[in-house]
Amino acid sequence: MTYNFLQHYWWFLVSLLGALLVFLLFVQGGNSLLFTLGRTPEERRLMINSTGRKWEITFTTLVTFGGAFFASFPLFYSTSFGGAYWLWMLILFSFVLQAVSYEFQNKLGNILGTKTFQWFLVANGIIGPLLLGGAVATFFNGSNFIVEKQNLTSGIEPVISSWANASHGLDALLDPWNLILGLAVFFLARVLGSLYFMNNIKDEVLESRCSVKVIGDAVPFLILFVAFLVRTLLKDGYAVDAATGTIVMEPMKYLHNLLDMWYLLIILIIGVALVLYGIIRTVRSRTYIKGIWPAGIGTVLTVLVLFLLAGWNGTAYYPSNIDLQSSLTIQNSSSSEFTLRTMFYVSLLIPFVLAYIAYVWRSLDRKQITKKEIAEEEAY
């Protein structure tokens, strides 16, 4: 296990967590449809209790994603989470608002009313995917920060990285291509949310509405995602000189990455095909309700490839638009070899954790949620 191997290994794990997080955003996507699909209080309560069984997994994955970045690539954590804090604070605040909304909407003494908390869930369903997608897009389009490692030895101002303007991350929303990926993630989350409801709720009325909504959200998602992907593959990318570590602009860098790492191209094709299969079969068949699984697996594979294209094959995964040489790579932003090696052994426990999550998931979803269950048993 060389230092280079460990850096690539941990970028893979961070990428996998990011891909799983995008899939789990079906919770947010489902909540954004709360008043679109749920026409009565009873129907909305069905939907809330469906996503309510999974929101903690999504929230935990988000926190773990940030924690993994902090442990393996601390310079990114201090630069992005510390510099672009308004962007990340909005994301985290929306998720905290979600947690509060689930727990308190039907509690005694709720002076705001049930609908208020339900609208908070809708807000999280819109803000969460949109801003997370925009944040991921900066891996390809760059951000406005400066890294000065020599400041670490300065007793006056030992700050390594700083944001180049007062927006502290909100400037990412001024780049239309960041918004395009953010909207693509938003519509994808809604597609996955509808597919999840069809698989998890036993209600013919809701199921028919979800089937129609899948079509309505899938079309803008596909248009936006294909536009972002094509533009990214054809644009100039941020390459790292292997000998000197200098960052240079390389025409069609991400397309070169995809061709050099041909196995990622195969995974990308499989991922896109699975997403399309889950959507198309659901729309064409009135009895097929398992579209969330091929579409979900396809989402994980596709997003995983995007993250790996951003960091592997000598690429700066967090480019600086202000100072090109401040751009972060997996080599110049990672923890020490000792830290990465120690965490490698700890990471061997991940399969057991995933197996436990799969067991809990299966236990919760052994049977579909019904109106009778919501009325007679403990529920949100």
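So, how was this worked out
Residues numbered from 1 in each chain as written. Predicted model: local features only at pLDDT ≥ 70, side-chain atom pairs only at ≥ 80, totals over all residues. Heavy atoms only, no water. Helix = DSSP H or I, 4+ residues; strand = E, 2+ residues; numbered from the N terminus. Rg over C-alpha atoms; globule rule 2.2 N^0.38 Å. Buried < 20%, exposed > 50% of the residue type's maximum accessible area, 1.4 Å probe, protein only. Areas by Shrake-Rupley, 256 points an atom, 1.4 Å probe, with all protein chains shown as cover. Lys, Arg positive; Asp, Glu negative; His and termini not counted. Charge placed at Lys NZ, Arg CZ, Asp CG, Glu CD. Contact = heavy atoms within 4.5 Å. Polar contact = N/O pair within 3.5 Å; in protein donor to acceptor, adjacent residues only side chain to side chain. Salt bridge = Lys/Arg side-chain N within 4 Å of Asp/Glu carboxyl O.

### What about the overall build of the protein?
Here comes step 1: Of regular secondary structure, the protein possesses 16 helices and four strands.
Here comes step 2: Computed over the C-alpha atoms, the radius of gyration of the protein is 21 Å, within 12% of the 21 Å expected from 2.2 N^0.38 for a compact globule of 380 residues.
Here comes step 3: C-alpha atoms of the protein, sized along the principal axes, occupy 65 × 45 × 40 Å.
Here comes step 4: The buried share of the protein, reckoned over its 380 residues, is 51%.
Here comes step 5: Accessible surface computed for the protein: about 17400 Å², of which carbon and sulfur atoms make up 68%.
Here comes step 6: When the 25 positive and 23 negative side-chain charges of the protein are each reduced to one mean point, those points stand 11 Å apart.

### Considering the environment of lysine 235
Here comes step 1: Mapped onto the secondary structure, lysine 235 falls in the loop between α10 (204-234) and β3 (237-240).
Here comes step 2: Its relative accessible area of 13% is what places lysine 235 among the buried residues.
Here comes step 3: As a C-alpha pair, lysine 235 and methionine 249 span 14 residues in sequence and 10.0 Å in three-dimensional space.
Here comes step 4: Leaving out residues up to four positions away in the same chain, lysine 235 has contacts with Phe140, Asn141, Glu250, Pro251, Met252, Lys253 and Tyr254.
Here comes step 5: Of note is the side chain of lysine 235, whose polar atom sits 3.0 Å from the backbone oxygen of phenylalanine 140.

### So, the environment of aspartate 236
Here comes step 1: Topologically, aspartate 236 is positioned in the loop between α10 and β3.
Here comes step 2: Judged by its relative accessible area of 39%, aspartate 236 is partly exposed.
Here comes step 3: For aspartate 236 and leucine 309, which are 73 residues apart along the polypeptide, the C-alpha to C-alpha distance reads 13 Å.

### Notes on the pattern of salt bridges
Here comes step 1: Scanning all chains against the criterion turns up four salt bridges.
Here comes step 2: With a closest N to O distance of 3.2 Å, arginine 190 and aspartate 217 form a salt bridge. Of this pair, arginine 190 sits in helix α9 (residues 176-200) while aspartate 217 sits in helix α10, and the two are 27 residues apart along the sequence.
Here comes step 3: Between arginine 341 and glutamate 337 there is a salt bridge, with the nearest N and O atoms lying 2.8 Å from each other. Residue arginine 341 and its partner glutamate 337 are both found in helix α14 (residues 337-347); the two are separated by four residues, about one turn of the helix.
Here comes step 4: Here glutamate 337 falls in the partly exposed class, since its relative accessible area comes to 32%.

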